[in-house]
Amino acid sequence: MSKKINIAIDGWSSCGKSTLAKQLAKELGYIYVDSGAMYRAITLYFLRTNIDLTDKKKIEDALKNISLEFIYNPSTGISEIYLNSENVEYLIRDMFIAEKVSDVAAIKEVREFAVAQQQKMGAKKGVVMDGRDIGTVVFPNAELKIFMTADNAIRVQRRFKEMFEKNPNVSVEEVKNNLELRDYIDSNREVSPLKKADDAVIIDNTNITREETLAKVMTLVNEIV
Ligand code: DC
């Protein structure tokens, strides 16, 4: 049997990270972890409990009451995220979470809380994790690191399509502004900002299909395993 590795996929919002990560995990029989879902679920908890994001003590106390779990759903083929035993996989994709998640993800205590759990999940290898700091902070020793990018217009189009299916009231402008703002906050925050790890391979999927992207990355995987 070939050796198991960890694969870190980082990059801008909506450039196909999770699509690639899910396909890779399926192909390799690995576990897929959507680290963004963890920040989104924490954001949901903070919004529901009206946490003041400047109050460190309140944040630390709130984190003690948060339990996050991924449970595989065979009918959808994905691991869905549970916040204190409630399935919030679909709720956390809404715009009201997207509007706040980058502010929550910039908080040091929140990152420490999430990163510790992410590192545990990868301890036995065989994990594909996507996010913003996976190759730089969560798995600095990952055997394969990918940094994904795509043209802004394409990313807006993709995210709009996704959001519109759930909420026909959403506008392109709203989606565009949210993506730009999130990318700005995510790459300019003090703690673990989004940046390419020195040893990450850049994949720009503006003009290539999902299948072509997967094939490119599978070639890289096969060189390692
Ligand atoms: O991948 P996503 O859009 O679901 O992520 C939601 C937000 O969470 C994103 O704007 C930045 C943050 N995030 C992060 O800071 N670090 C990660 N590893 C994953 C996501």
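Structure shown above.
Sequence order as written defines residue numbering, which begins from 1 separately in each chain. Where totals are concerned, whole chains, interfaces and linings use all residues; where local detail is concerned, this predicted model gives features only for residues with pLDDT of at least 70, and gives and counts side-chain atom pairs only at 80 or more. The side-chain values count all of the structure's non-hydrogen atoms but skip hydrogen atoms and water molecules.

> Would you mind showing me how to read the overall build of the protein here?
In DSSP terms, a helix is any run of H or I states spanning at least four residues, a strand is any run of E spanning at least two, and both are numbered starting from the N terminus. For the protein, the helix and strand inventory stands at nine helices and eight strands. The cut-offs for exposure are 20% and 50% of the maximum accessible area for each residue type, with area from a 1.4 Å probe on protein chains only; residues under the lower value are buried, those over the upper are exposed, and the others partly exposed. Across the 225 residues that make up the protein, the buried fraction comes to 48%. By definition in these notes, contact holds between two residues if any of their heavy atoms fall within 4.5 Å. The long-range share in the protein, meaning contacts at least 24 apart out of those at least 6 apart in sequence, stands at 72%. In the structure as shown, the protein presents an accessible area of about 11500 Å², 51% of it carried by carbon and sulfur atoms. Counted charges follow a simple rule, with Lys and Arg positive, Asp and Glu negative, and His plus the chain ends left uncounted. Taken as the charge location is NZ of Lys, CZ of Arg, CG of Asp or CD of Glu. For the protein, the separation between the mean place of its 32 positive charges and that of its 34 negative charges on side chains is 3 Å. Accessible surface is estimated by sampling points in the Shrake-Rupley manner with a 1.4 Å probe; for residues, cover comes only from the protein chains shown.

> For this particular structure, what's the right way to read the pattern of salt bridges?
Pairing between side chains becomes possible if they bear opposite charge and their charged atoms approach one another. Salt bridges are defined as contacts in which a side-chain nitrogen from Lys or Arg sits within 4 Å of a carboxyl oxygen from Asp or Glu. Going through the model one piece at a time under the given rule, you end up with 16 salt bridges. Notably, a salt bridge pairs D199 with K145, separated by 3.1 Å at the nearest N-O pair. Residue D199 is found in the loop between α8 (172-188) and β8 (201-204), and its partner K145 is found in strand β7 (residues 144-149); the two are separated by 54 residues along the sequence. A relative accessible area of 49% places D199 in the partly exposed class. The network of salt bridges with common partners includes D34, E89 and R93.

> So what exactly am I meant to see when it comes to the layout of surface pockets here?
It is the rolling of a water-molecule-sized probe over the atoms that shows where space remains empty. There is about 1400 Å³ of room inside the largest pocket. A pocket, in this scheme, is an open set of points on a 1 Å grid over the protein atoms alone with protein on both sides within 12 Å along at least 5 of 7 lines, while a cavity is a set where a 1.4 Å probe fits but cannot get out; residues line either one if an atom lies within 4 Å of a point. In terms of lining residues, the largest pocket is bounded by 48 residues, among which S18, T19, K22, R159 and E162 are the most central. Top contributing element to the lining of the largest pocket by residue count: helix α7 (residues 152-166), with nine residues. Following the grouping adopted for this structure description, the nonpolar residues are Ala, Val, Leu, Ile, Met, Phe, Trp, Tyr, Cys and Pro, the charged ones are Asp, Glu, Lys and Arg, and the polar ones are all others, Gly among them. For the lining of the largest pocket, the per-class residue count stands at 13 nonpolar, 15 polar and 20 charged. Grid points are joined across faces, edges and corners, and a volume is the space filled by probe spheres set on the points.

> Please clarify how the site of the ligand should be interpreted in this entry.
A single heavy atom is enough: if one lies within 4 Å of a molecule or strand, its residue is considered near that molecule or strand. The full set close to the ligand counts 15 residues, and R40, R111, D133, D186 and R189 are the nearest of them. Pairs of N or O atoms are called polar contacts if they sit within 3.5 Å, as long as, within protein, a hydrogen donor faces a hydrogen acceptor (for residues adjacent in sequence, only side-chain-to-side-chain pairs). In this structure, an oxygen atom belonging to the ligand sits 3.1 Å away from a side-chain N or O atom of S102. Between the ligand and D133 there is a distance of 2.8 Å, counted from a nitrogen atom to a side-chain nitrogen or oxygen. The protein chains hide 96% of the 450 Å² of surface that the ligand would expose on its own. Among the elements of the structure, α2 (35-48), α4 (95-105) and α8 are those that each provide at least two residues to the shell around the ligand. No other element matches the four residues that α2 contributes to the shell around the ligand. By residue class, the composition of the shell around the ligand is four nonpolar, four polar and seven charged.

> Just to check I follow, could you spell out the environment of E162 for this structure?
Its place among the elements puts E162 in helix α7. A relative accessible area of 40% places E162 in the partly exposed class. Along the chain, E162 and R93 lie 69 residues apart, while their C-alpha atoms are 9.6 Å from each other.

> Explain the side chain of R159 here, please?
The residue R159 is located in helix α7 in this model. If we skip the residues at most four places from it in the chain, R159 touches S14, R40, V175, L179 and R182.

> Mind showing me how you'd approach unusual backbone geometry here?
Residues apart from glycine generally show negative phi values, whereas peptide bonds are mostly found in trans. For S14, which is not glycine, the phi torsion reads 55° and is therefore positive. Exposure remark for S14: the relative accessible area of 11% places this residue in the buried category. Positive phi, close to 65°, is recorded for K125, a residue that is not glycine. One can find K125 in the loop between α5 (108-121) and β6 (127-131).

> It is not clear to me how the sheet that holds strand β5 (residues 86-87) should be interpreted in this structure. Could you clarify?
Hydrogen bonds along the backbone pair up the strands of a sheet, which may run parallel or antiparallel. Taken together, the three strands give an open sheet; going across it, the order is β3-β4-β5, and neighbouring strands pair in antiparallel fashion. Among the strands making up the open sheet, the edge pair consists of β3 (68-73) and β5. Strand pairing requires that DSSP identify at least two bridges connecting the strands. As paired strands, β3 and strand β4 (residues 78-83) are joined by six bridges and run antiparallel to one another. In the strand pairing of β4, Y72 is matched with S79. Those strands touched by α2 are β3, β4 and β5, and its axis lies near 25° from that of β4. Throughout, an axis means a line fitted to C-alpha atoms (over the contacting stretch in the case of helices), and angles, computed between N-to-C directions, take values from 0 to 180 degrees.

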